[in-house]
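Below, each chain spelled out in residue letters.
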Amino acid sequence: MRLEGARMDLIKKIWTARKLILVVMIPLSLLPLPLIHPCSESSCAYVLIVTAVYWVSEAVPLGAAALVPAFLYPLFGVLKSSEVASEYFKDTTLLLMGVICLAASIEKWNLHKRIALRMVMIAGAKPGMLVLGFMCCTVFLSMWLSNTSTTAMVMPIAEAVLQQLICTGIADTIDDSATVDTQDEESDKEENQKSSNNHLQLLECKDNEKHEVCMLSEELNGLTFRPGFGYAKESNGYLPEAPISIPVPKKPKIRRDSLYPTKRDHMICKCLTLSITYAATIGGLITITGTSTNLIFAEQFNNRYPEAKVINFGTWFIFSLPIALIMLILTWIWLHFLFLGCNFRETCSLSKKRKTRREILSEKRIHEEYQKLGPISYPEVVTGIFFVLMTVLWFTREPGFVPGWTSLFEKKGYRTDATVSVLLGFLLFLIPARKPWPSAFSSESKDDGDDDDDEEEEDPLAPMITWKDFQRLMPWEIVILVGGGYALAAGCKVSGLSMWIGRQLEPMSGLPPWAVTLLACLLVSAVTEFASNPATLTVFLPILSALSETLQINPLHTLIPATMCVSFGVMLPVGNPPNAIVFSYGHVQISDMVKAGFGVNLIGVFVVMLAIMTWGEPLFHLSEFPTWAVMRNVTGSL
């Protein structure tokens, strides 16, 4: 028994130190590779394998693992230290910084919350339309913000709506099919308002014991659910003043209880929460700045093929927007079928004549939250103008079919999307957040007596955003991770490892282009379920580029689908941060995510393959091997 106990203790200690053991053993076990074959290719392969294992296993933080090439390349003589350092800060880093400035302004002034609530109000409270409304607003926000930030912004709003459904569902268990006519509700409201205020009267118990009811309170960065403090004794005019026996559940120990009034309520919670993480992933595909993997692709592609002037904000948007729209509709249908059934007429009806009690109260709650935002403020207007201006300048820089605004300058090729992004982001640090002229709204705000108003009065020229606002949202780990990917790509190019990999893949030359692309999509989609998206794409991009050059296929034919499919790690909570955020709310289990995510994966691969075989071919001229790829192939072989 003592021997078994000691053995178990040893196993526990080894398991606890497994990451440290992996960090030490992997470099040591692979060290014979550069020692036995002392050449640039083997040395670069050693650095690539060690970094990739660190990324996939997450034995060390992703940002720290991305620094491995910074000291191993100079030690093995692959790249000079100054050359490696220059790879860690590229044009896309400036692009990301400018976008983060705009995102900080959007979040600081609650413009994202106004957009989300307005779109949900338009969609209505029917379960199917509610899910679609949240998906649409999440897709729109995720186009410009990171997927993680968007999910973190939208989920509190969705959680407030779901908790409202759970609370009102307790009363609906008495007669779940009961409906009320909208016109009758308005007449009842007029009668009851004569003798009561805006609260729902509950039946007092025989012992005059106060029961707790569910209330929703707003916190700084979203909406959270808290137990209330007793019950109200007045009517809100929406329901008759007849006594209603409402079973009150026990007070939950945590904010999100696992008890739901009905199974259907649980299904609605699952459907809505999963739809948000999937919509954030879909929205990130649309713009080149929507997700870090898009930025990694753009920078690595432009570095490897500097003569290819085909990837910019406009061309990417034109290609990916139809993909996102088709995926949005198919994903919504799939989730509706999986959790809400096939009765689309019942759950998606736009008729306002007859509604259930919970739909009326849910719409009322959403409307109240929107009213709390008040009228649109001056900072929100400025942020909206900058948002539109940045988008327009990106589109019109080099649209392709007509000369862009860069043609007005004498020197060509000096201005990129990062130029626009950094310029507008810099201006947000200068423009005051208060109106330069007095108005009635500003005079009213002075009477509020808030601390924020006092601070603004002390500094009337306070800018739209501060450096703290920017620093809070700036993902420096992603910046270093992307830089590590650029360094690996540069090492593979200089050492000749990319050409060596391409020669090993020559037996695949008999496959048609669509088959090569499909295999790449399936492989990347499978790996990214267990590894981070940026790390997976960083490892696969040089390999797929070399494969395309060897097979005489347009590199975009494989690189673009692989870049999009790497975002489809939606089957597990560890697949990407939005999955983890949604899973933490407690409405879904891993089995739910696997079942729903598998369908979304298949939908994504199908739509991406459809796009690359149809409208992607004339847009990027995929049917021919381009001259810029031929030049890269020739110079690489030399």
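Residues numbered from 1 in each chain as written. Predicted model: local features only at pLDDT ≥ 70, side-chain atom pairs only at ≥ 80, totals over all residues. Heavy atoms only, no water.

### Remarks on the overall build of the protein chain
For step 1, the next point in the chain: Summing up its helical and strand segments, the protein chain has 31 helices and four strands in all.
For step 2, the next point in the chain: Counting over 638 residues, the protein chain shows a buried share of 50%.
For step 3, the next point in the chain: Considering only contacts within the protein chain whose residues lie at least 6 apart along the sequence, 81% involve residues at least 24 apart.
For step 4, the next point in the chain: Entry remark: accessible area of the protein chain is about 31100 Å², with carbon and sulfur atoms responsible for 64%. (Helix = DSSP H or I, 4+ residues; strand = E, 2+ residues; numbered from the N terminus. Buried < 20%, exposed > 50% of the residue type's maximum accessible area, 1.4 Å probe, protein only. Contact = heavy atoms within 4.5 Å. Areas by Shrake-Rupley, 256 points an atom, 1.4 Å probe, with all protein chains shown as cover.)

### Quick look at the nonpolar core
For step 1, the next point in the chain: Membership of the largest hydrophobic core comes to 122 residues, with the highest contact counts inside it found for Phe134, Phe297, Phe301, Ile311 and Leu556.
For step 2, the next point in the chain: No other element matches the 12 residues that helix α15 (residues 313–340) contributes to this core.
For step 3, the next point in the chain: Dropping the residues within four chain positions of it, Phe301 is found in contact with Ala308, Val310, Ile311, Leu556, Leu559 and Trp628.
For step 4, the next point in the chain: In terms of nonpolar packing, the next biggest core, distinct from the first, is built from 29 residues, Tyr46, Val50, Ala65 and Ala490 among them. (Core = buried A, V, L, I, M, F, W, Y, C linked by side-chain atoms within 4.5 Å.)

### Things to note about the state of the cysteines
For step 1, the next point in the chain: Tallied over the full model, the rule gives zero disulfides.
For step 2, the next point in the chain: You can see Cys136 has no disulfide; the closest cysteine sulfur is in Cys137, sitting 7.7 Å from it. (Disulfide = S-S within 2.5 Å.)

### Considerations on the packing of helix α10 (residues 127–142) against α15
For step 1, the next point in the chain: Direction vectors running N to C along α10 and α15 enclose 145°, while the axes themselves pass 11 Å from each other. Here α10 runs over α15; the crossing is right-handed. Counted together, Pro127, Gly128, Val131, Leu132, Met135, Cys136 and Val139 of α10 and Leu328, Thr331, Trp332, His336 and Leu340 of α15 form the full contact between these two elements. (Axes fitted to C-alpha atoms, helices over the stretch in contact; angles between N-to-C directions. Left-handed = near helix turned anticlockwise from the far one by under 90°.)

### Things to note about the environment of Ala580
For step 1, the next point in the chain: Relative to the helices and strands, Ala580 is located in helix α28 (residues 577–584).
For step 2, the next point in the chain: Taking relative accessible area as the criterion, Ala580 reaches 36% and is therefore assigned partly exposed.
For step 3, the next point in the chain: The spacing of Ala580 and Val570 is 10 residues in sequence and 9.9 Å in space, taken between C-alpha atoms.

### Quick notes on the pattern of salt bridges
For step 1, the next point in the chain: Here the structure, examined in full by the defined rule, presents five salt bridges.
For step 2, the next point in the chain: For Arg472, the salt bridge identified is with Glu107, shortest N-O distance 3.3 Å. Pair noted here: Arg472 is in helix α22 (residues 467–473) and Glu107 is in helix α8 (residues 91–108), with a separation of 365 residues, a long-range link.
For step 3, the next point in the chain: Between Asp592 and Lys270 there is a salt bridge; the shortest N-O distance is 3.2 Å. Here the residue Asp592 occupies a position in helix α29 (residues 590–613), and Lys270 occupies one in helix α13 (residues 263–284), the gap between them amounting to 322 residues. As far as the burial class goes, Asp592 and Lys270 line up, both buried. (Salt bridge = Lys/Arg side-chain N within 4 Å of Asp/Glu carboxyl O.)

### What to know about the packing of aromatic side chains
For step 1, the next point in the chain: Per the counting criterion, the structure on display carries 13 aromatic pairs.
For step 2, the next point in the chain: The interplanar angle of 65° and the centroid separation of 5.1 Å between the aromatic rings of Tyr305 and Trp628 together place this pair among those described as edge-to-face. You can see Tyr305 sitting in the loop between α14 (292–304) and α15 and its partner Trp628 sitting in helix α31 (residues 627–637), a full 323 residues away along the chain. Of the two residues, Tyr305 and Trp628, both sit in the buried class.
For step 3, the next point in the chain: Among the aromatic side chains, those forming a connected cluster through ring pairs are Phe297, Phe301, Tyr305, Trp316 and Trp628.
For step 4, the next point in the chain: The aromatic ring of Trp15 is capped on one face by Arg18, whose charged end is 4.1 Å from the ring centroid. (Phe/Tyr/Trp six-rings, centres within 6.5 Å; stacked < 30°, edge-to-face > 60°. Lys NZ or Arg CZ within 6 Å of the ring centre and 35° of its normal.)

### A closer look at the packing of α14 against helix α27 (residues 556–565)
For step 1, the next point in the chain: Close contact between α14 and α27 brings their axes to 10 Å; oriented N to C, the two are set at 160°. Judged by the inter-axis angle, α14 sits roughly antiparallel to α27. In the crossing of α14 with α27, the sense of the turn from one axis to the other is right-handed. Contacts between α14 and α27 involve Thr293, Asn294, Phe297 and Phe301 from the first element and Leu556, Leu559, Ile560 and Thr563 from the second.
For step 2, the next point in the chain: Across the contact of α14 with α27, the residue classes break down as five nonpolar, three polar and no charged. (Parallel < 35°, antiparallel > 145°, perpendicular 65-115°, else oblique. Nonpolar A, V, L, I, M, F, W, Y, C, P; charged D, E, K, R; others polar.)

### Details of α14
For step 1, the next point in the chain: For α14, built from 13 residues, the straight-helix expectation of 18 Å at 1.5 Å per residue is met to within 8% by its first-to-last C-alpha distance of 18 Å.
For step 2, the next point in the chain: All of the buried residues along α14 are Ser292, Thr293, Asn294, Leu295, Ile296, Phe297, Ala298, Glu299, Gln300, Phe301 and Arg304. (Expected span 1.5 Å × (residues − 1).)

### Re the environment of Glu83
For step 1, the next point in the chain: Looking at where Glu83 falls in the secondary structure, it is placed in helix α7 (residues 81–86).
For step 2, the next point in the chain: Separated by 404 residues in the primary sequence, Glu83 and Ala487 have C-alpha atoms spaced 8.7 Å apart.

### Comments concerning a nonpolar patch on the surface
For step 1, the next point in the chain: Together, Leu10, Ile14, Leu20, Ile21, Val24, Met25 and Leu28 make up a nonpolar patch on the protein surface, roughly 660 Å² of accessible area in all.
For step 2, the next point in the chain: Elements with a minimum of two residues in the nonpolar patch: α1 (2–16) and α2 (18–30).
For step 3, the next point in the chain: Turning to its location among the elements, Leu20 is positioned in helix α2. (Patch = residues over 30% accessible without salt bridge, like charges linked within 9 Å, V, L, I, M, F, W, Y side chains within 5 Å.)

### Brief notes about empty space enclosed by the protein
For step 1, the next point in the chain: Overall, the coordinates contain four cavities of 30 Å³ or more when judged by the stated rule.
For step 2, the next point in the chain: In this structure, the largest cavity occupies an estimated 60 Å³ of space.
For step 3, the next point in the chain: Thr92, Thr93, Leu96, Ser292, Leu295, Ile478, Val479, Val482 and Tyr486 together form the lining of the largest cavity.
For step 4, the next point in the chain: Residue composition of the lining of the largest cavity, grouped by class: six nonpolar, three polar and no charged. (1 Å grid on protein atoms, 1.4 Å probe; cavity = no way out; pocket = protein on both sides within 12 Å on 5 of 7 lines; lining within 4 Å. Points joined across faces, edges and corners; volume = space filled by probe spheres on them.)

Note that all results are geometric; they support no functional claim without further evidence.
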